[in-house]
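Structural overview
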Amino acid sequence: MEIVKSNFTEKLDEIAEAISQASFLAIDGEFTGLDKQGYGHTNPFDTPEERYMKLRESSLDFLLIQFGLCTFRLKEDTQSYEARPFNFYIFPRPYTRQAPDRRFLCQSSSMDFLVQQGFDFNKLFREGIPYLTQMQEDVMRDSLTQKHEAFAKFSSPAFFSPVGGEIGPGKGPILIPDEQKEFIDNTCEKISKFLEDSDGPKVLQLDPCNGFQRKLLYQTVRTKFSAVHLETKTGDKKERFIVVTKVSSDEELKKKEKDKQNAELMELEEAVGFAKVIKLIKESGKTVVGHNMMLDVMHVVNQFLHPLPQELAEFKELVRCCLPRLIDTKHMASTHPLKEVIPNTVLANMQQTLEKEPFTPAKVELPEEYSRYGEATERYHEAGYDAYVTGCMFATMANYIGRNEGNPKPVVEASSSLLEPFLNKLFMMRIADIPYLNLAGLDLQPSRDHVFHLSFPKEWKSSDINNLFGAFGNIHISWINDTSVFVALYKKDNAEAVLKALGETRTLYQLVPYKVYRSSQGESSTVPVVCSPPAPPSITSPPEHRTPRPLKRHAPPDDDVDGDTEEVLQPVGKKLRSAGDTGGTKAAGKEEESKIPEVVPQLQLDNKTSSSEAAEADSTGMFAVPSNW
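To keep things clear, this report deals only with the structure shown in the data block. Model, not experiment: these values are computed from the prediction.

Right, let's talk about the nonpolar core for a bit. A general trend in soluble globular proteins is that nonpolar side chains are found buried together. Counting 62 residues, the largest nonpolar core has F67, L69, F88, F274 and I281 as the members making the most contacts within it. The element best represented in this core is helix α10 (residues 294-304), accounting for seven residues. If sequence neighbours within four positions are ignored, F274 has contacts with F8, F67, F88, I90, I129, P130, Y131 and F304. Membership of the second largest hydrophobic core comes to 40 residues, among which are A26, M350, M393 and A414.

Below you can see the structure in the form of structure tokens.
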């Protein structure tokens, strides 16, 4: 069901009912951009704190402009789900001059991607649902309250009394400057003629004027004329003017003013807009499911609830307060036991996998009024459809886990203890050895003894680095800037030999272990690893040597259509650079010619690495915790 500004108020009760009846909720978002720093800003060897700060600083100037919500209600009699998908267009339209006027960035690749997917930008700008955060709503509500209280005081006879007015700026009537007297006198004469004409119109629209002139008119007209009601309105060209209405008594005047104040409060309620949906989700406490949902969560919290804090620990606490039960289906599919039977976790590919053996697709029904996403319809990258697909995939994977664990019911509910190991773990893109951000505790701190920080002259390129490490097997290069990289060995046992051979002080380069580099940056690399599984035993996965491409869905045109593409890191030969260092080479404009002198001793090391050795993934049984984390 498509929800825009014109039908939002009408459908809000229906949305609230769907959320309250749901067994779990699935969400998805589409954005005006992903990373203003560009490809290569994030690094496969980021710490969780670094990744959070990079996303916070780089992506939150963009807007979430389409939000998908799909509610899933379990029907006990048929052991199937009833799904109600909603697709919201969202745009921060200021409803008054005092309301926030949001500035935001657009990334050309993201906008082009959305256009190719049929995104309706005309509908977004014309019919996008406005919103205010809780803080903005509180400020605007306080402003209205003060305005209404000021009017009550302004209407009091004591306000105009020489002894009754309060002392201080703005506390009593304003003296009319000489240059404004003619304007005020002419306007009062016009109002006087309007009131004398008993058979004439009951409403008079004054000429547009500025805020100071309107304030002078309000106090002067209320002093001279008792049988009028004044109201400021905005014209088609955003000009502001006063409308004068005849009233027969003080009671009618008070009623009109009360109606005006109520209309202002209703206007504020409309401005709160889409934030009401997020409040409903927050207050429900239901399990919220998403696919590769870290950016979705960050945008939802920042855009509709509360500004994101500087520290990762505070962010985790904030998210747990707002969305206490989150499950990321991309992390779920990348984890044992599902990892062995789901080869590709891109949304569309993953959906196809889950429709075949060994899976049994969850039974999901769409009521007639929600049949926009029927079986024959594919609308990938429309947020409502992606949320619907994500929820269906979650239900299918949950049922698969239930069958493997001997669950007596065919349907495993979102609240089941079998799914607790996945709870509040958000998939981490492009970090091979930290598969998720743990919102509920300490993050994994993997051993990176096989990783080195290398600094070198600006003229160096990938082939020079490959030559330097040529005797030690294949490597993965991750560019930091033009003069430094992280280098990871595929043959981890060669770390000590590398340090002995290359770790001495050199004229052209400097090589230090990852831990030493982190310590020099003032960061601890010795945080204890916490892997104790909850009850039931935790479902976790060993580190994967792969680098997904840039964040989430809006990849450049030459990337996979889904944008959250996964690319397995291939061993880097002397003429081939790794997937993770593309941005560094393009930025530096490096040419493929060697400039490094022969400084590597010819050690007797095997330089041939099979794909299985390169992966070095532990053989981990179902629900077992890998020992090498």
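Next, the rest of the story.
Topologically, F469 is positioned in the loop between α15 (462-468) and β14 (475-481). In this structure, the C-alpha to C-alpha distance between F469 and V487, residues 18 residues apart in sequence, is 9.2 Å.

A few words now on the sheet that holds strand β15 (residues 484-489). Overall, antiparallel pairing links the four strands, which are arranged β14-β15-β13-β16 in an open sheet. Bordering the open sheet on either side are β14 and β16 (510-513), each of which pairs with just one other strand. Shown here is a sheet whose adjacent strand axes are inclined to one another by a mean of 25°, direction ignored. As paired strands, strand β13 (residues 451-455) and β16 are joined by four bridges and run antiparallel to one another. Across the sheet, H453 pairs through a bridge with V512, a residue of β16.

Mapped onto the elements, K286 comes out in the loop between α9 (275-284) and β8 (288-290). Sequence separation between K286 and S415 is 129 residues; the distance between their C-alpha atoms is 8.8 Å. Excluding residues that lie within four positions of it along the chain, K286 makes contacts with I19, S20, Q21, A22, L25 and R325. A polar contact of 3.0 Å, which involves the side chain of K286, links it to the backbone oxygen of S20.

Across all of its chains, the model carries 23 salt bridges by this definition. As a salt-bridge pair, K279 and E137 come within 2.6 Å of each other at their nearest N and O atoms. Linking K279 in helix α9 with E137 in helix α5 (residues 134-154), this pair joins segments that are 142 residues apart in sequence. Across the pair, exposure class does not vary: K279 and E137 are buried alike.

Cut-off values and rules
Residues numbered from 1 in each chain as written. Predicted model: local features only at pLDDT ≥ 70, side-chain atom pairs only at ≥ 80, totals over all residues. Heavy atoms only, no water. Core = buried A, V, L, I, M, F, W, Y, C linked by side-chain atoms within 4.5 Å. Buried < 20%, exposed > 50% of the residue type's maximum accessible area, 1.4 Å probe, protein only. Helix = DSSP H or I, 4+ residues; strand = E, 2+ residues; numbered from the N terminus. Contact = heavy atoms within 4.5 Å. Pairing = 2+ DSSP bridges. Axes fitted to C-alpha atoms, helices over the stretch in contact; angles between N-to-C directions. Polar contact = N/O pair within 3.5 Å; in protein donor to acceptor, adjacent residues only side chain to side chain. Salt bridge = Lys/Arg side-chain N within 4 Å of Asp/Glu carboxyl O.

None of the figures reported here should be taken as evidence of function without further support.
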